[in-house]
Amino acid sequence: MGKTKRNSNSSPNATGGVRGESLVWTHKMDEALVDAFVLQHDLKNRNGGTFTSHAYDQIVKELKEAFPDKPIDKERVKNRMKYIKRGFGTCYDLFRNISGFGWNPITHMFEADSDVWDRLIKDHPEAAEWMNKPILHYDKLKRLYGKDRANGDSSESPEEMMQRLTQEDNQLEGDVISEIDRLLSRNEATLQDLDDDTSPDGRKKHKGKATKEEIQTEIMKGIQGIGEYIKKSTEAMAKAHNSQLAVPATEIWDVILALNLDPNMEMIAYRFLINNSVEVEALLGCPLEKRKDYLMRILPRS
């Protein structure tokens, strides 16, 4: 029995989809996605704030039935909702405790008198973009995630991570200083006394007391430990900050494939976009028929 020849440009991925198949989410698909989550929420297919595996299976099934020509799978559903949820979280945290604002379900924008906007922008300059930027499905997303954010049960934000890592850095440094004090106490000496490691009769100090070399070694280990931990913490904070508005890499690749670029340009475009989150947002804001032209204009020239 002969073997079936597989298309060399397609191969199964870990989520049951086909690698290389592009998926560009439209407003209609986003609406269906949010509605599917709301349905599972109403059916109580959640454990706390987390949707069950059964809920995701039902959401994928519903979307596949609605859009049978789209390569929809669980991973792409999760990534898209994470992206939508980030935008909602930014708006919710910004406007929830501010009086005078209201979300208009027709325009999908926050509205307020000009003096109310002026006061908010003065305190939070980042709010200015929302004067002319819609946030779709806000009412439904508030049902899904508003309670979690109000109760502080949302995932750790980059700012919260920075604060936590800074506190851990300070605690680690304090522990090292305490250890140095303990070693000095064992030696019954001050830091100035470390230059003289002999007793008054000329003999070396022993009998279980830490020597000058031992203390210096411990100090150096402590300093190196602090330096290494701060380095790792800084990398983690930078990663968290960059992820705040980042579009999932899989979605960026899907967008590129949908543009039918020359194969030699696909990797160039991908590498450029994953390192330029602002340009990704701008590209996704373009009409579908204008995206390729915009991308070719912003790509670096060799």
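Residues numbered from 1 in each chain as written. Predicted model: local features only at pLDDT ≥ 70, side-chain atom pairs only at ≥ 80, totals over all residues. Heavy atoms only, no water.

With that settled, consider the overall build of the protein chain. A tally of helices and strands in the protein chain yields 11 helices and six strands. The proportion of buried residues among the 302 residues of the protein chain is 32%. Put simply, of all contacts in the protein chain between residues at least 6 apart along the chain, 60% involve residues at least 24 apart. For the protein chain, the exposed area adds up to about 19,600 Å²; of that, 52% sits on carbon and sulfur atoms. (Helix = DSSP H or I, 4+ residues; strand = E, 2+ residues; numbered from the N terminus. Buried < 20%, exposed > 50% of the residue type's maximum accessible area, 1.4 Å probe, protein only. Contact = heavy atoms within 4.5 Å. Areas by Shrake-Rupley, 256 points an atom, 1.4 Å probe, with all protein chains shown as cover.)

Glancing now at the pattern of salt bridges. With the rule as written, the count across this model stands at eight salt bridges. In this structure, Arg 80 engages Asp 30 in a salt bridge whose closest nitrogen and oxygen atoms are separated by 2.8 Å. One end of the pair, Arg 80, is in helix H3 (residues 74–95); the other, Asp 30, is in helix H1 (residues 27–42), and 50 residues separate them in sequence. (Salt bridge = Lys/Arg side-chain N within 4 Å of Asp/Glu carboxyl O.)

Residues Leu 33, Phe 37, Leu 63, Val 77, Phe 95 and Phe 110 are the most contacted members of the largest nonpolar core, which totals 38 residues. Counting residues per element, the ones that place at least two in this core are H1, helix H2 (53–66), H3, helix H4 (114–123) and helix H5 (138–150). Among the elements that make up this core, the one with the highest residue count is H3 (eight residues). With residues near it in sequence (within four places) discarded, Leu 63 still touches Trp 25, Ala 32, Leu 33, Ile 72 and Val 77. By size, the runner-up hydrophobic cluster in this structure holds 13 residues, among which are Ile 252, Val 255, Ile 256 and Phe 272. (Core = buried A, V, L, I, M, F, W, Y, C linked by side-chain atoms within 4.5 Å.)

A few words now on the side chain of Asp 30. On the basis of relative accessibility, which here comes to 8%, the residue Asp 30 falls in the buried class. Those residues in contact with Asp 30, other than ones at most four positions away along the chain, are Trp 25, Arg 80, Ile 84 and His 137.

Centre distance and the angle of the planes are the two values used to describe a pair of aromatic rings. Summed over all chains, the structure comprises 12 aromatic pairs. Centroid distance Phe 88 to Tyr 138: 5.3 Å. Interplanar angle 50 degrees. Geometry classified as tilted. In this pair, Phe 88 is assigned in helix H3 and Tyr 138 in helix H5, connecting sequence segments 50 residues apart. On the basis of relative accessible area, Tyr 138 is assigned to the buried category, the value being 8%. (Phe/Tyr/Trp six-rings, centres within 6.5 Å; stacked < 30°, edge-to-face > 60°.)

Attention now goes to the environment of Ile 59. Structurally, the position occupied by Ile 59 is in helix H2. Judged by relative accessible area, Ile 59 falls into the buried class, the value being 0%. When sequence neighbours within four positions are dropped, the list of residues in contact with Ile 59 reads Leu 33, Ala 36, Phe 37, Gln 40 and Val 77.

Glancing now at unusual backbone geometry. A positive phi angle is found at Lys 44, which is not glycine, with a value near 60 degrees. When you line up the elements, Lys 44 lands in the loop between H1 and strand E3 (46–47). Despite not being glycine, His 108 shows a phi value in the positive range, around 60 degrees.

All right, on to the environment of Gln 40 then. Within the element layout of this structure, Gln 40 appears in helix H1. Sequence separation between Gln 40 and Tyr 56 is 16 residues, and the spatial gap between their C-alpha atoms is 8.5 Å. The contacts of Gln 40, once residues within four sequence positions are left out, are Asn 45, Phe 51, Ala 55, Gln 58 and Ile 59.

Interaxial distance between H1 and H3 falls to 11 Å at its minimum, and their mutual angle equals 95 degrees. For the element pair H1 / H3, the angle class is roughly perpendicular. Taken together, the residues of H3 that come into contact with H1 (itself represented by Asp 30, Leu 33, Val 34 and Phe 37) are Val 77, Arg 80, Met 81 and Ile 84. In terms of residue class, the contact of H1 with H3 is built from six nonpolar, no polar and two charged. (Axes fitted to C-alpha atoms, helices over the stretch in contact; angles between N-to-C directions. Parallel < 35°, antiparallel > 145°, perpendicular 65-115°, else oblique. Nonpolar A, V, L, I, M, F, W, Y, C, P; charged D, E, K, R; others polar.)

Under the 1.5 Å per step criterion, the end-to-end length of H1 is 23 Å for 16 residues, consistent within 8% with the ideal 22 Å. Every buried residue of H1 is listed here: Met 29, Asp 30, Ala 32, Leu 33, Val 34, Ala 36, Phe 37, Val 38 and Gln 40. (Expected span 1.5 Å × (residues − 1).)

Relative orientation of the contacting elements helix H8 (residues 249–258) and helix H9 (residues 263–274) amounts to 140 degrees, with a least axis distance of 10 Å. If you check the angle between H8 and H9, you find them oblique. For H8 against H9, the interelement crossing comes out right-handed. Counted together, Ala 249, Ile 252, Trp 253, Ile 256 and Leu 257 of H8 and Glu 266, Met 267, Ala 269, Tyr 270, Leu 273 and Ile 274 of H9 form the full contact between these two elements. When its residues are assigned to classes, the contact of H8 with H9 shows 10 nonpolar, no polar and one charged. (Left-handed = near helix turned anticlockwise from the far one by under 90°.)

Once that is clear, we can look at H2. Over its 14 residues, H2 extends 20 Å from the first C-alpha to the last, a length consistent with the 20 Å expected when each residue adds 1.5 Å. Along H2, the positions that sit buried rather than exposed are Ala 55, Tyr 56, Ile 59, Val 60 and Leu 63. Taken end-on, H2 shows its buried residues confined to a sector of 135 degrees, consistent with a single buried face. (Arc of directions from axis to C-beta.)

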